[in-house]
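Residue strings, one per chain:
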Amino acid sequence: MTIPIFSLKKQHEMLQVKLSEAFHRVLASGSYILGPEVDSWEREFGDFFGAQYAIGVSSGSDALLLALQALGVGPGDEVIVPTYTFFASAGSVARLGARPVFVDSAPCCYNLSAPAVAQAIGPKTKAIMAVHLFGQAADMESILQVAQKAGLPVVEDVAQALGAKVGDRYAGTLGTVGCFSFFPTKNLGALGEGGMVVTRDEQLAEKLRKLRVHGAKKKYFHEEVGGNFRLHELQAAFLRVKLPRIADWLQQRQRNAEAYYRMFSGSSTARPTTKECVCNQTPPNDSTMSPEILLPFRCNPSHTFNQFVLRISGAGRRDRLREALLARGVGTEVYYPRPLHVQECFRNLGYREGDFPWAERFSRETLALPIYPELETGEIEHVASELCQLAGSL
Ligand SMILES: Cc1ncc(COP(=O)(O)O)c(C=O)c1O
């Protein structure tokens with residue numbers, strides 16, 4: 001049995017007729033960029049997620065860049081960012097000439113910890129970036145409290161957690177600005193690149209719309225330097241086909257996660273990463289290195305499981321296990337093998353190995369298993385049983 005880490009094949013087979021209709025509608029319209037499909041998509045997205053203003057952009061990375069630029073982030077400013085995340089979270093800060101100030105993550109949910117954010121705030125801090133990693137919202141209540149106290153805006157990076165909730169509100173609508181990605185592997189994937197910025201601030205929304213088209217409100221009259229961050233009509237039309245399915249797909253991801261938990265509960269080597277949520281505590285140090293499978297912990301019941309990321313402790317075991325699984329046809333991924341504070345491009349920031357113990361540990365231990373909605377229970381059982389078998393022998 002071959003099981004890839006991710007596949008859109010079945011999803012697109014199921015939607016083939018509607019996607020083809022959308023393609024032909026755009027083809028016939030003669031409008032290919034920022035036209036009626038994008039307008040409708042922004043409205044439908046905003047209505048669905050309870051976002052007052054929704055601005056379709058070229059990618060999730062560009063959504064972050066635009067959000068920070070609209071907030072006035074520039075040279076001399078600092079933005080607080082978790083070090084354990086996808087590159088774009090911090091890359092967007094550096095692209096504006098500002099300095100990413102890294103913080104460690106909580107051992108329970110891999111998300112940035114609020115006490116770490118509070119400690120990192122200084123006189124140059126211009127914004128806080130809360131990344132909702134792997135499909136689970138960060139501890140927004142605590143992060144917003146910290147931000148409010150310091151009078152700082154919060155940018156939510158919701159690239160991996162579309163559909164996750166905090167209480168009855170969707171992640172992305174709690175902070176000052178929310179940034180979504182429609183990269184094909186995300187909870188809602190386009191057939192190419194795409195992103196969305198949401199806000200409830202009218203002035204900010206206007207600025208975002210302007211920056212999306214080279215800073216021009218009126219064509220060819222540039223009030224500031226923006227860029228080409230426009231969303232394509234085709235992607236908007238495809239995403240409109242997919243949005244009505246999102247609730248089903250998220251439910252299916254959660255069902256798949258339950259199936260993994262059930263399977264692993266029968267294994268003597270698997271245990272939960274932690275017994276309780278410790279998001280709002282200074283991360284404790286845990287040097288346990290026993291050969292165990294550490295299962296992802298849900299600090300928030302609405303985890304959307306964009307990824308099912310567990311930890312394989314014991315020196316080098318994760319990588320050996322990954323190779324052995326691949327040899328048996330099971331695809332996995334490592335998100336992320338190197339935290340951002342020790343990336344080559346950030347060496348001038350002065351961080352060292354050892355600065356953020358949890359992020360560094362996650363980079364050595366985490367392994368993502370296939371969890372996309374169309375996976376069948378038998379396939380999940382196969383992945384889990386191969387993993388338990390191989391883990392016991394490594
Ligand atoms: C956490 C996070 N932020 C930002 C991005 C950037 O999104 P995009 O690939 O659409 O530019 C991604 C995509 O992988 C992501 O995972």
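Preceding this paragraph is the structure being described.
Computed from a predicted structure; not experimentally measured. Along each chain, residue indices are assigned from 1 in the same order as the chain's sequence is written. Per-residue local features are limited, in this predicted model, to residues with pLDDT of at least 70; the limit for side-chain atom pairs, both in listing and counting, is 80 or more; totals at the level of whole chains, interfaces and linings are taken over all residues. Side-chain measures were taken over the full set of non-hydrogen atoms in the model, leaving aside hydrogen atoms and water.

Moving on, we get to a nonpolar patch on the surface. Taken together, the side chains of Phe23, Leu27, Tyr32 and Ile33 define a hydrophobic patch exposed on the protein surface, amounting to about 370 Å² of accessible area. For Tyr32, the position within the fold is in the loop between helix H2 (16–29) and helix H3 (36–49). Without a salt bridge and with relative accessible area above 30%, a residue can belong to a patch; like charges are then joined within 9 Å and nonpolar side chains (Val, Leu, Ile, Met, Phe, Trp, Tyr) within 5 Å. Each accessible area is a Shrake-Rupley result for a 1.4 Å probe, and residues are judged covered by the shown protein chains and nothing else. Basic side-chain nitrogens of Lys or Arg form a salt bridge, by our definition, when they fall within 4 Å of a carboxyl oxygen of Asp or Glu. In this description a helix means any DSSP run of H or I spanning at least four residues, a strand means any run of E spanning at least two, and both kinds are numbered starting from the N terminus.

Here we come to the site of the ligand. Of all residues adjacent to the ligand, which total 15 residues, the nearest are Gly60, Ser61, Asp157, Ser181 and Lys186. Whenever a nitrogen or oxygen atom comes within 3.5 Å of another N or O atom, the pair is scored as a polar contact, on the condition that within protein one atom can donate a hydrogen and the other can accept it, and that pairs from neighbouring residues in sequence are kept only if both atoms are in side chains. Within the side chain of Gln160, one N or O atom sits 2.8 Å away from an oxygen atom of the ligand. At 2.6 Å, a side-chain N or O of Lys186 approaches an oxygen atom of the ligand. Protein burial of the ligand: of its 390 Å² of free accessible surface, 93% is covered by the chains. Those elements that provide at least two residues to the shell around the ligand are helix H4 (60–70) and helix H5 (87–95). The cutoff for a nearby residue is simple: one of its non-hydrogen atoms must lie within 4 Å of the molecule or strand.

Below, the discussion takes up the pattern of salt bridges. Close approach of charged atoms allows side chains of opposite charge to pair. If you walk through the whole model with that rule in mind, you get 21 salt bridges. The shortest N-O distance in the salt bridge between Arg212 and Glu42 comes to 2.9 Å. Within this pair, whereas Arg212 is found in helix H8 (residues 202–212), its partner Glu42 is found in helix H3, the two being separated by 170 residues in sequence.

Our next topic: helix H10 (residues 246–265). By this rule, a helix spans an expected 1.5 Å times one less than how many residues it contains. A rise of 1.5 Å per residue sets the reference length of H10, with its 20 residues, at 28 Å; its end C-alpha atoms lie 29 Å apart and thus fit the reference within 8%. Accessibility here uses a 1.4 Å probe with only protein chains present; expressed as a share of the type maximum, an area under 20% marks a residue as buried, one over 50% as exposed, and anything in between as partly exposed. Burial in H10 covers these residues: Ile246, Trp249, Leu250, Arg253, Asn256, Ala257, Ala259, Tyr260, Tyr261 and Phe264.

Next up on the list: the layout of surface pockets. When its volume is computed, the largest pocket comes out at roughly 360 Å³. A cavity, in this analysis, means grid points on a 1 Å lattice covering only the protein atoms where a 1.4 Å probe fits yet has no way out; a pocket is instead an open set bounded by protein on both sides within 12 Å along at least five of seven lines, and a residue lines either one if it has an atom within 4 Å of a point. For the largest pocket, the lining is made up of 23 residues, of which Phe86, Ala159, Ser181, Phe183 and Lys186 are closest to its centre. Put simply, the parts of the chain that give the lining of the largest pocket at least two residues each are H4 and H5. In terms of residues, the lining of the largest pocket owes the most to one element, H4, which gives three residues. Residues are grouped as follows: Ala, Val, Leu, Ile, Met, Phe, Trp, Tyr, Cys and Pro are nonpolar; Asp, Glu, Lys and Arg are charged; all remaining types, including Gly, are polar. Among the residues making up the lining of the largest pocket, the classes are represented as eight nonpolar, 12 polar and three charged. Grid points are joined across faces, edges and corners, and a volume is the space filled by probe spheres set on the points.

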